[in-house]
Amino acid sequence: MASEIELIESRLTELALEGGAAIMEIFHSGAMETSAKADQSPVTAADLAADKIIGNGLAETFPGIHAVTEESAESHAASGLDRFFLVDPLDGTKEFVNRRTDFTVNIALIEGGVPVAGVVYAPALGRLWATRGPVAVELGTTDAHRIAAGSAKRLQISTPDNQALTVVASKSHRDQATDDYIGKYQVGDFASAGSSLKFCLVAGGEADFYPRLGRTMEWDTAAGHAVLRAAGGHVVRFDDHAPLGYGKPGYENPFFLAYAPGVSLCAPA
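Because the structure is a prediction, the values reported are computed rather than measured.

Cut-offs applied
- Once a new chain begins, its residue numbering starts again from 1 and follows that chain's sequence as written.
- Given that this is a predicted model, residues contribute local features only at a pLDDT of at least 70 and side-chain atom pairs are listed and counted only at 80 or more, while totals for whole chains, interfaces and linings are drawn from all residues.
- Side-chain measures here rest on the full set of heavy atoms in the structure, leaving out hydrogens and waters.
- Angular values range over 0 to 180 degrees, each being the angle between N-to-C directions of two axes fitted as lines to C-alpha atoms, with helices fitted over their stretch in contact.
- Numbered from the N terminus, helices here are DSSP runs of H or I no shorter than four residues, and strands are runs of E no shorter than two.
- By definition in this entry, angles of less than 35 degrees are roughly parallel, angles greater than 145 are roughly antiparallel, angles of 65 to 115 are roughly perpendicular, and the rest are oblique.
- Crossing chirality is assigned from the near helix's rotation relative to the far helix, an anticlockwise turn below a right angle marking it left-handed and a clockwise turn marking it right-handed.
- We call two residues contacting when some pair of their heavy atoms lies within 4.5 Å.
- What makes two strands pair is DSSP finding at least two bridges between them.
- Throughout this description, the term salt bridge denotes a Lys or Arg side-chain nitrogen within 4 Å of a carboxyl oxygen of Asp or Glu.
- Relative accessible area decides the class of each residue, using a 1.4 Å probe on protein chains only: under 20% of the type maximum gives buried, over 50% gives exposed, and in between gives partly exposed.
- Among buried residues, the Ala, Val, Leu, Ile, Met, Phe, Trp, Tyr and Cys ones that are joined through side-chain atoms within 4.5 Å form a nonpolar core.
- Only the six-membered ring of Trp is used, alongside the rings of Phe and Tyr, when aromatic pairs are assigned; centres must lie within 6.5 Å, and planes under 30 degrees apart are stacked while those over 60 apart are edge-to-face, with the rest tilted.
- Charges are assigned to positions over rings by a cutoff of 6 Å between ring centre and Lys NZ or Arg CZ, combined with an angular limit of 35 degrees from the ring normal.

1. Some thoughts on the packing of helix 1 (residues 4-29) against helix 2 (residues 45-61)
Consideration 1: Interhelical geometry of helix 1 versus helix 2 gives an angle of 155 degrees and a closest axis separation of 8 Å. Classified by the angle their axes make, helix 1 and helix 2 are roughly antiparallel. Our pair here, helix 1 against helix 2, has a crossing hand that is right-handed. Contacts from Arg 11, Leu 12, Leu 15, Glu 18, Gly 19, Ala 22, Ile 23 and Ile 26 of helix 1 reach helix 2 at Ala 45, Ala 46, Ala 49, Ala 50, Ile 53, Ile 54, Gly 57, Leu 58 and Thr 61.

2. Description of the sheet that holds strand 3 (residues 66-69)
Consideration 1: Taking strand neighbours across the sheet as the criterion, the 7 strands line up as 3-4-5-6-7-8-9 in an open arrangement whose pairing is mixed. The open sheet has two edge strands with one neighbour each: strand 3 and strand 9 (153-154).
Consideration 2: Set on the sheet, helix 6 (residues 218-231) makes contact with strand 3, strand 4 (83-91), strand 5 (104-111), strand 6 (114-122), strand 7 (127-132) and strand 8 (135-140); between it and strand 6 the angle comes to about 100 degrees.

3. Concerning the pattern of salt bridges
Consideration 1: This structure, assessed with the given rule, holds 12 salt bridges.
Consideration 2: Taking the shortest distance from any N to any O, the salt bridge between Glu 138 and Arg 127 comes out at 2.6 Å. Within this pair, whereas Glu 138 is found in strand 8, its partner Arg 127 is found in strand 7, the two being separated by 11 residues in sequence.
Consideration 3: Among the residues examined, Arg 127 registers a relative accessible area of 25% and is labelled partly exposed.
Consideration 4: Between Arg 127 and Glu 206 there is a salt bridge; the shortest N-O distance is 3.0 Å. Placement of the pair is Arg 127 in strand 7 and Glu 206 in the loop between helix 5 (197-203) and strand 12 (209-212), with a sequence separation of 79 residues.

4. Here's the deal with the nonpolar core
Consideration 1: In terms of nonpolar packing, the biggest core is built from 38 residues, with Leu 86, Trp 129, Val 168, Leu 228 and Tyr 251 touching the most fellow members.
Consideration 2: Mapped by element, the contributors of at least two residues to this core are strand 4, strand 5, strand 6, strand 11 (187-193), helix 5, helix 6 and strand 14 (256-259).
Consideration 3: The residues contacting Trp 129, other than those within four sequence positions of it, are Gly 118, Val 119, Val 120, Ala 122, Val 137, Glu 138, Leu 155, Leu 197, Cys 200 and Val 227.
Consideration 4: Of all hydrophobic cores here, the second largest spans 32 residues; its members include Leu 12, Phe 27, Phe 103 and Ile 107.

5. Observations concerning the environment of Val 135
Consideration 1: As for its placement among the helices and strands, Val 135 is situated in strand 8.
Consideration 2: Placed 109 residues apart in sequence, Val 135 and Leu 244 show a C-alpha to C-alpha distance of 19 Å.
Consideration 3: Leave out the neighbours within four places in its chain, and Val 135 touches Ala 130, Arg 154 and Ala 230.

6. Quick notes on the packing of aromatic side chains
Consideration 1: A full pass over the atoms with the stated rule returns 13 aromatic pairs.
Consideration 2: Note on Tyr 181 and Phe 238: the rings are 5.0 Å apart at their centroids and 80 degrees apart in plane angle, and the pair reads as edge-to-face. Residue Tyr 181 is located in helix 4 (residues 176-182), and its partner Phe 238 is located in the loop between strand 13 (234-237) and strand 14; the two are separated by 57 residues in the primary sequence. Residues Tyr 181 and Phe 238 agree in their burial class; the two are buried.
Consideration 3: Taken together, a centroid distance of 5.6 Å and an interplanar angle of 90 degrees make the contact between Tyr 210 and Phe 256 edge-to-face. With a gap of 46 residues between them, Tyr 210 in strand 12 and Phe 256 in strand 14 connect regions that are remote in the sequence.
Consideration 4: A relative accessible area of 3% means that Tyr 210 is categorised as buried.
Consideration 5: On the accessibility criterion, Phe 256 (0% relative accessible area) is buried.
Consideration 6: Every member of this aromatic cluster is reached through a ring pair, and the members are Tyr 181, Tyr 185, Phe 209, Phe 238 and Phe 255.
Consideration 7: Here Arg 99 stacks its cationic end above the ring of Phe 27, 4.3 Å away from the centre of that ring.
Consideration 8: Above the plane of the ring of Tyr 246 lies Lys 248, whose end atom (NZ or CZ) is 5.1 Å from the centre.

Shown next as structure tokens:
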């Protein structure tokens, strides 16, 4: 009999695929109009469609677990939760609107401040990353937004060379402070990716290090963090290198560093 966490991981994957299908229907239709939310960030019909599918699915399947989703402002009022879902139905809205392909669907389960299960689906790329118990896997998907048979691959994190690190940074949110901090390291190569894909590149050994010196919310990072954690990686606060936790007031993150074991972190100052 499957354990509870296995059932949760399976359902999160199903809902991510369903949300991704709705997003791609709108992507292919060309209906890319945006409106502004209260914080002036953009939202599209695709964000809202995926949010409805995932929110309703979680509520029906796991009625006892609260879901905090980016597009449902009323869900943000809950605080002090020990066990809850974090959902970003379309991370990388700017990439989506600009018809780039590196946007993702993100769902995570948080327990005691730790992301213990998660799925990141990049529907335009046909790639899905997920936790499977104590490990992380990448799965290929079909045009019908189903898992491709025989595609499961366990993620293998890198063994970093601190004399030539591969660093991944944001496409849409790169700034001088980030570049200055990266300048403290010996970098052999740069990778560029939007949305939560940066966590997945580190989890899969395609990059060693992802520093984020900018504003993010917990739903932006939880699913990717879960995948990276299951692959053996770490996500820590930028200021004191303590583990990044979840369920903070307002669900806003501090600056953080995501990396493969063996990266020699530099002091923030």
